[in-house]
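This is what each chain is made of:
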Amino acid sequence: MNLDFSPEDLAFRDEVRAFIAENYPAGLRDKQEEGEEMAKEDFLSWHRVLAKKGWIAPAWPEKYGGPGWTSVQRYIWSEETARADCVPILPFGINMVGPVIYTFGTPEQKERFLPPTLSGDIWWSQGYSEPGAGSDLASLKTKAERFTGDDGKEYYLVNGQKTWTTMAQHGDWIFCLVRTDPNAKIQEGISFLLIDMKSPGVTVRPIITLGGEHEVNEVWLENVKVPVENRIYEENKGWTCAKFLLAHERSGIAGVARSKRGIERIRQIASTELGDDGSALIQDPMFKRKVAELEIDLTALEYTELRTLAGEAAGKGPGPESSVLKIKGTEIQQRITELVLEAAGHYGAPYFRGFPKDGDNAHPIGPDFAHRAAPTYFNVRKTSIYGGSNEIQRNIIAKMVLGL
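Residues numbered from 1 in each chain as written. Predicted model: local features only at pLDDT ≥ 70, side-chain atom pairs only at ≥ 80, totals over all residues. Heavy atoms only, no water.

The protein carries the name Acyl-CoA dehydrogenase in an unreviewed UniProt entry, which gives Caulobacter vibrioides OR37 as its organism. For the record of the protein, the UniProt heading Sequence similarities (unreviewed entry) holds the text "Belongs to the acyl-CoA dehydrogenase family." (UniProt positions renumbered as here; feature names shortened; annotations may be inferred.)

If you want it as structure tokens, here you go:
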């Protein structure tokens, strides 16, 4: 595997760096540096800049609006956006439902949904997990019953509950797995529906996390009327779409480039924070060892990701290696937040973002990074659970790779 960039790739890297430096929204950068909670328009500001440039969907085919980048260019893009601390583009439209639509959708569905997904005019939410169906997703109970409306058209009447729905408070549409045949085997009888979240019967309720953030929600669907034309692929064959989407999601969860940036931050922090003996924390043998072990594991993961990208460039879709990327990538992300919290010490006591409020004279104390260490640590506990828990991923590897 040749890891040297070609002159063309180096020129592309320089182009990306210059574009980010000149076009990244200044107001968004200010919010990031202050650790403020992002509003919908904050996320969309960077999304729209990239959409206008034609760079919003690096992995999409050109005929559907992708930039036509090689796997190496996509790798460079992820490296440079992480290096510049750009806000990640939310994956639900670009990385998840978009590929499902252009792979399994009808020409009419592609024309209707792909352009506004690229532009950011549709904010997608993901309706997969339920209170009793998370890692065991095929056990979902949200049901969709087909009927003929007074207008003579075919509809589904959807009832059920989805949970841990990220950013659903901003959602325009939600892609849902629903059970359309209750008598079928567990992984059959499931369909993939696109539901307008403005439909009567859709209710979004917040779930406040340990970090004090409104990031996730529960979504209730009560007698929601959905046109059959909003179903992707065949009725009762939605599990095919679900597996396709999850393979892409797990590959993206690895987050190698951002973890590399995270380790750089740890080194910066540990070079100024003091250990128990009064010297820089980075000189502490135990702390230094933890950072070194983390870097070794991340390097191994990076090579695995590069092999996966090479396979995709050769026409192979994500396979069981996406489970490896998911497991190791999320474990590394959690270890990074643990080291940041360790470096913060007692200054890392939980501190909710958004303070001080009017009339409140309480301010965080200690170094600037410290008051975000605990909320970030708590938030990243979820990464080994979402996208299919790491325990389930090990079962997939045992079956698909080891043949057990």
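Colleague: Before we go on, may I ask you to explain the environment of Ser-199 in this structure?
Modeller: In this fold, Ser-199 is placed in the loop between strand S5 (190-196) and strand S6 (202-208). Expressed as a C-alpha distance, the spacing of Ser-199 and Phe-92, which sit 107 residues apart in the sequence, is 20 Å. (Helix = DSSP H or I, 4+ residues; strand = E, 2+ residues; numbered from the N terminus.)

Colleague: Any chance you could explain the pairing of S6 here in plain terms?
Modeller: Both faces of the sheet carry side chains from a regular strand, because those side chains alternate between them. As defined by bridge partners, S6 adjoins strand S7 (residues 214-227) across 7 bridges and the pair is classed as antiparallel. Across the sheet, residue Ile-208 finds its bridge partner in S7, namely His-214. Counting the residues that bridge the hairpin from S6 to S7 gives 5 residues, and of these Gly-212 lies at a positive phi of roughly 80 degrees. (Pairing = 2+ DSSP bridges.)

Colleague: Can you help me understand the domain arrangement of the protein in this one?
Modeller: When the parts of a complex come together, some accessible area is lost, and that lost area is often used as the size of the interface. The domain boundaries assigned to the protein delineate domain 1 (7-89), domain 2 (124-235) and domain 3 (251-402). Opposite the 17 residues of domain 1 that make contact, domain 3 presents 14 residues. Here domain 1 meets domain 3 over a buried area of about 1,200 Å², counting both sides, of which 44% is carbon and sulfur. Joining domain 1 to domain 3, the criterion identifies 3 salt bridges. Joining domain 1 to domain 3, the criterion identifies 5 residue pairs in polar contact (both at pLDDT 80 or more). When residues of the side of domain 1 that touches domain 3 are traced back to their parent elements, those giving at least two are helix H2 (26-34) and helix H4 (71-83). In terms of residue count, the dominant contributor to the side of domain 1 that touches domain 3 is H4 (8 residues). Classifying every residue of the side of domain 1 that touches domain 3 gives 5 nonpolar, 4 polar and 8 charged. (Domains from an automatic or database assignment. Contact = heavy atoms within 4.5 Å. Buried area = accessible area lost by both parts, 1.4 Å probe. Salt bridge = Lys/Arg side-chain N within 4 Å of Asp/Glu carboxyl O. Polar contact = N/O pair within 3.5 Å; in protein donor to acceptor, adjacent residues only side chain to side chain. Nonpolar A, V, L, I, M, F, W, Y, C, P; charged D, E, K, R; others polar.)

Colleague: In this structure, what is going on with a negative patch on the surface? I would like to understand it.
Modeller: Together, Asp-30, Glu-33, Glu-34, Glu-36 and Asp-368 make up a region of like negative charge exposed at the surface. When you line up the elements, Glu-33 lands in helix H2. (Patch = residues over 30% accessible without salt bridge, like charges linked within 9 Å, V, L, I, M, F, W, Y side chains within 5 Å. Areas by Shrake-Rupley, 256 points an atom, 1.4 Å probe, with all protein chains shown as cover. Lys, Arg positive; Asp, Glu negative; His and termini not counted. Charge placed at Lys NZ, Arg CZ, Asp CG, Glu CD.)

Colleague: What is the right way to look at the environment of Glu-37 in this model?
Modeller: Along the chain, the position of Glu-37 falls in the loop between H2 and helix H3 (40-53). Along the backbone, Glu-37 and Glu-213 are 176 residues apart, and their C-alpha atoms lie at a distance of 7.8 Å.

Colleague: Sorry if this is basic, but what is going on with the pairing of S5 here?
Modeller: The element S5 is extensively covered by neighbouring structure, given that 6 of its 7 residues are classed as buried. As paired elements, strand S4 (residues 173-179) and S5 share 7 bridges and run antiparallel to each other. When the bridges of S5 are listed, Leu-177 appears paired with Phe-192. Where S5 meets strand S8 (residues 231-232), 2 bridges bridge the pair, whose relative direction is antiparallel. Bridged to Leu-193 within S8 is Arg-231. (Buried < 20%, exposed > 50% of the residue type's maximum accessible area, 1.4 Å probe, protein only.)

Colleague: For this particular structure, what's the right way to read the packing of aromatic side chains?
Modeller: Ring pairs (aromatic) are described by centroid distance and by the angle formed between their planes. With the rule as written, the count across this model stands at 21 aromatic pairs. Centre to centre, the rings of Trp-124 and Trp-173 are 6.2 Å apart; their planes meet at 50 degrees, and the pair counts as tilted. Residue Trp-124 is located in strand S1 (residues 124-127), and its partner Trp-173 is located in strand S4; the two are separated by 49 residues in the primary sequence. Owing to a relative accessible area of 3%, Trp-124 belongs among the buried residues under this scheme. (Phe/Tyr/Trp six-rings, centres within 6.5 Å; stacked < 30°, edge-to-face > 60°.)

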